[in-house]
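Examining the three-dimensional arrangement
Listed here are the chains, written in short residue letters.
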Amino acid sequence: MREEMRRRDEREAGHGCRQRCRSPHGWGLLELLWYLAFFTPVITESHLRRKRLEFIFIRFSAWEYAGCDKLWAGLVTTLCHNIRRHFGALPLSVYHVMGSRPRFASGFSQKEWLLKKGTCLKLWATFFILSAGITILLVAILVPRIKDSHALKVLGSTITSISGSGLALGAFSILKNLLISEKQKIERLTDSEKFTSQLGFMSKVRNEVEVLVDFLAFMEIFQRRRLRVVMEITSLDLCYPEKVAGVLNAMNTLLSEANTPFIFLLAVDPSVIVPCLEQTGCMKGLADNGYLYLNRTVTLPFSIPQMGARSRLRLLEAAVETREDLMYRIITRNVELRHRAKCHGGGGANMAQLDAEAVRCIHEAFHCLHDAADPLSVYLPTSGSHVRRVVNTIPVTLRLLLHRDGGLHVVSSPRAAAAWVVLADGWPCRLSWALQCLEDAWQSQDGGGGEDLGEKLLWSIFQENLEELSALRQPLHNALSLDGDPELFQKFLARDFPFRARDARALLPVTVNLDHSIRHKMGLLRGIDRLKPPPKTPPK
C-alpha cells in the first residue's frame, strides 16, 4: 500500500499536476483552521478523479481489549483515537464546532470551497456589537462629563457581555472537544449501565463515527488526495465467542455506508472463528452457519496457502534475527541490498513490464465475464456480495500467477484463471474435497505414475471419491451448504472447464478465495475414517 502511494505521487508529479497536496501540519495548520471556520467543502468531478492516495494505518489487537465488556467499543475507540492523533486534536475539535459537512457540486462546477456567508455575517455582527458595547463602556468610564451616567455603563456592559458570551461559548466548545476526545465520550457511554440498556446507545456511537467520516471527507478536499483508513484486526481468534461476534458486527456497522473510507484487514483463523460465531445468537436466520456469515462480511477473501520451503526459511531467518547478538546481520544485509539496487537499475523497468502484462491479463479475464457468449458468464453468482468477491479476487490471482516462477503458462489463459476463481467461490466445499483427494493421491503414490495422475481430470478424481464424501455429509453439513447447484458443478468441470490435476496443483498456491480450513478439516476426517478397522470376514 505504501508502494502504491509513492507510485501514484510520482505519476502525478510526472504528469505536471498543477495543484500540490496540502499538509495539515506546520504552517498548513493555520490554513486548515481558516478553511474549517469560514468555508464549506464541495465534492467536485475533479476531486473524484484524483489519483493521489494516502492510507492511514491502524492496528487493533483484540487480545488487548479481551477483558472489556464491550470489545467492539474498543475497536471504535481505537479508530477514533488514531484518527485524532494523525490529524491533531485541534483541527478535529474546531470541526466539531464550526466545520461543515461536504456537499456535492451542482453541475460541473470545479469550485471546491464555498464561503459560509451566514457564519461570516454572524461573526462580523458579533464583533461589531462587541466593539460598540466596549466603546460605549469606555466612553461611560473615561469621558468626564458622561462618567456619572449609570445607565450608559449598564448599557455598555450588557451589550459587551451578551456579544462576548457568544464568542466565549464557541471558544469553550472548542476547548471542551479539545480536552474530551471521542474515545473518552464512547468510553463514558459504555460505562453507563443505564444508557447501554437503551436503544439510542448504538446511534450515539454511530453519530461519533459519522463525524469522523465527514471530517475525513473534509480533509480529502483540503489535502487534495483521497484518504483511506486501513484497520488491521488481529488476535480475534483468542477472544470469547460473543466478543468475536461483537467486533464483526461493529465492522459491518462501520462499513454499512456506501462511500465509507474504511478498509478492514481481518487476520483470523476461520477454523476457530466459525465455531465461535455458531455458538452466539448472531447466527439466527443463517441456519447457524458461520461460513455463510463470514462470506457475507468479507468482500476480498485471502486464504494464505500452505507455507513453502522458502517461506519457512524466511521465517527461521526472522526468528534468528530477533536475537540481540545477531542484530548486526540486519544492518549488513540492508547495506548489501542498497548496493545491489544501485548496481541493478533495470529492476524498475521489469516491474513496469510485469505490471503492464498483469493489466492486460486482468482486462482479458473481465472481458470473458462480460461476454454473454462465453460459458463462464453462466456460472457467475447471483448474489451481489459474491460477485464483488469474484471481481476483487481475479486481479489478485492473476498478479500472483505472474509473480510466481511459473507465470501464467501454468494454465492455458487468463480466462482459465478467472474460471478457477469462479469455481472456488461457487463450490468451495466440493472443490476442497477434490483438492484434498488429489493431495492424498500425490502423497500416497510411488515414484512412478506421477505423470498419469497429473493428466487426470479433476472431475474424475471427484467422482471416484464421491461415495466417501457422501458418508461425511453430517460433519461437513455447514461447508456443503456453501456450494451452489451440484449439476452446474458437474457441467463446469466435466464439460466447460475440464481442469486437470496438474492445473489444480499449479493453481492451488494462488487460490486466495478458498478457505483452506475446510480442506484441512476434510483431511482430518479422512484420516480418522481410515483408522477404523476393516470389516471382519465371517469364518469359513
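Reading the values: the criteria
- The numbering scheme is per chain: residues are counted from 1 as the chain's sequence reads.
- With pLDDT at 70 or above as the cut-off, local features in this predicted model cover only qualifying residues; side-chain atom pairs require 80 or more to be listed or tallied, and sums for whole chains, interfaces and linings still use all residues.
- Values shown for side chains rest on all heavy atoms present in the structure; no hydrogens or waters enter the calculation.
- Any two strands are treated as partners once DSSP identifies two or more bridges connecting them.
- Numbering of helices and strands starts at the N terminus; helices are DSSP runs of H or I of at least 4 residues and strands are runs of E of at least 2.
- Grouping buried Ala, Val, Leu, Ile, Met, Phe, Trp, Tyr and Cys residues that are joined through side-chain atoms within 4.5 Å yields what is termed a nonpolar core.
- For every residue, the accessible area (1.4 Å probe, protein chains only) is compared with the maximum for its type, and the residue is labelled buried under 20%, exposed over 50%, or partly exposed between those bounds.
- Segmentation of the chain into domains, including their bounds, is taken from an automatic or database domain assignment.
- Only heavy atoms matter for contacts: two residues are in contact if any of them lie within 4.5 Å across the pair.
- In this scheme Phe, Tyr and Trp rings, the latter by its six-membered ring, pair at centre separations within 6.5 Å, and the angle between planes marks the pair as stacked below 30 degrees, edge-to-face above 60, and tilted otherwise.
- One speaks of a salt bridge when a side-chain nitrogen belonging to Lys or Arg is within 4 Å of a carboxyl oxygen belonging to Asp or Glu.
- Each patch is assembled from residues with relative accessible area greater than 30% and no salt bridge, linking like charges that lie within 9 Å and nonpolar side chains (Val, Leu, Ile, Met, Phe, Trp, Tyr) that lie within 5 Å.
- The method behind every accessible area is Shrake-Rupley, applied with a 1.4 Å probe, and residues are considered shielded solely by the protein chains displayed.
- Residues adjacent in sequence count toward polar contacts only when both atoms are side-chain atoms; beyond that, a polar contact is any pair of N or O atoms within 3.5 Å, and within protein one must be able to donate a hydrogen and the other to accept it.
- By convention, orient the strands away from the viewer: a clockwise path from the first strand over the helix to the second makes the crossover right-handed.

Per an unreviewed UniProt entry, the protein goes by NKPD1 protein and derives from Turnix velox.

Bringing the sheet that holds strand E3 (residues 103-104) into the picture now. Read from one edge of the open sheet, three strands run E3-E1-E4, paired in mixed fashion. The sheet is open, and its two edges are formed by E3 and strand E4 (113-115), each paired on a single side. As paired elements, strand E1 (residues 39-43) and E4 share three bridges and run antiparallel to each other. Note on E4: the bridge partner recorded for Pro41 is Trp113.

Time to look at the nonpolar core. Core analysis: the biggest nonpolar cluster contains 111 residues, and Phe492 and Phe499 have the highest contact counts within it. Shared between two domains, this core takes at least three residues from each, and those domains are domain 1 (1-12 + 23-110 + 182-297) and domain 3 (310-531). Contact partners of Phe499, with chain neighbours within four places excluded, come to Ala416, Ala419, Trp420, Leu423, Leu457, Leu458, Phe492, Leu493 and Leu507.

Okay, the packing of aromatic side chains next. If you walk through the whole model with that rule in mind, you get 20 aromatic pairs. Arranged with centres 6.0 Å apart and planes meeting at 65°, the rings of Tyr35 and Phe222 form a pair that is edge-to-face. Highlighted residues: Tyr35 in helix H2 (residues 27-38) and Phe222 in helix H10 (residues 201-223), separated in sequence by 187 residues. What makes Phe222 buried here is its relative accessible area of 0%.

So, on to the pattern of salt bridges. In total, this model carries 26 salt bridges according to the counting rule given. Two residues, Asp9 and Arg225, come together in a salt bridge whose shortest N-O distance is 3.7 Å. In this pair, Asp9 is assigned in helix H1 (residues 2-14) and Arg225 in the loop between H10 and strand E5 (226-234), connecting sequence segments 216 residues apart. By relative accessible area, Asp9 is classed as partly exposed at 25%. A salt bridge links Arg49 to Glu45; its shortest N-O distance comes to 2.7 Å. Through salt bridges that share partners, Glu455, Arg500, Arg502 and Asp503 make up one connected network.

The next thing to look at is a nonpolar patch on the surface. Residues Leu90, Leu175, Leu178 and Leu179 make up a contiguous nonpolar surface patch of about 340 Å² in total accessible area. No other element matches helix H7 (residues 150-179), which puts three residues into the nonpolar patch. With respect to the element layout, Leu175 can be found in helix H7. Given the relative accessible area of 43%, Leu175 is considered partly exposed.

The next subject is the side chain of Asp483. Inspection of the secondary structure puts Asp483 in the loop between helix H23 (477-480) and helix H24 (486-496). Within the structure, Asp483 has its side chain in polar contact with the backbone nitrogen of Cys429 (distance 2.9 Å). For Asp483, the side chain forms a polar contact with the side chain of Arg430, separated by 2.9 Å. With sequence-adjacent residues up to four places away left out, Asp483 is seen in contact with Gly426, Trp427, Pro428, Cys429 and Arg430.

Here we come to the pairing of E5. Taken residue by residue, a regular strand's side chains alternate between the two faces of the sheet. Of the strand pairs in this sheet, strand E2 (residues 53-61) and E5 are connected by nine bridges, and their pairing is parallel. Within E5, the residue paired with Phe57 across the bridge is Val230. Both E5 and strand E6 (residues 262-266) contribute to a ladder of five bridges, which runs parallel. Residue pairing across strands places Val229 opposite Phe262, the latter belonging to E6. Handedness of the β-α-β unit built from E5, helix H11 (residues 241-254) and E6 comes out right-handed.

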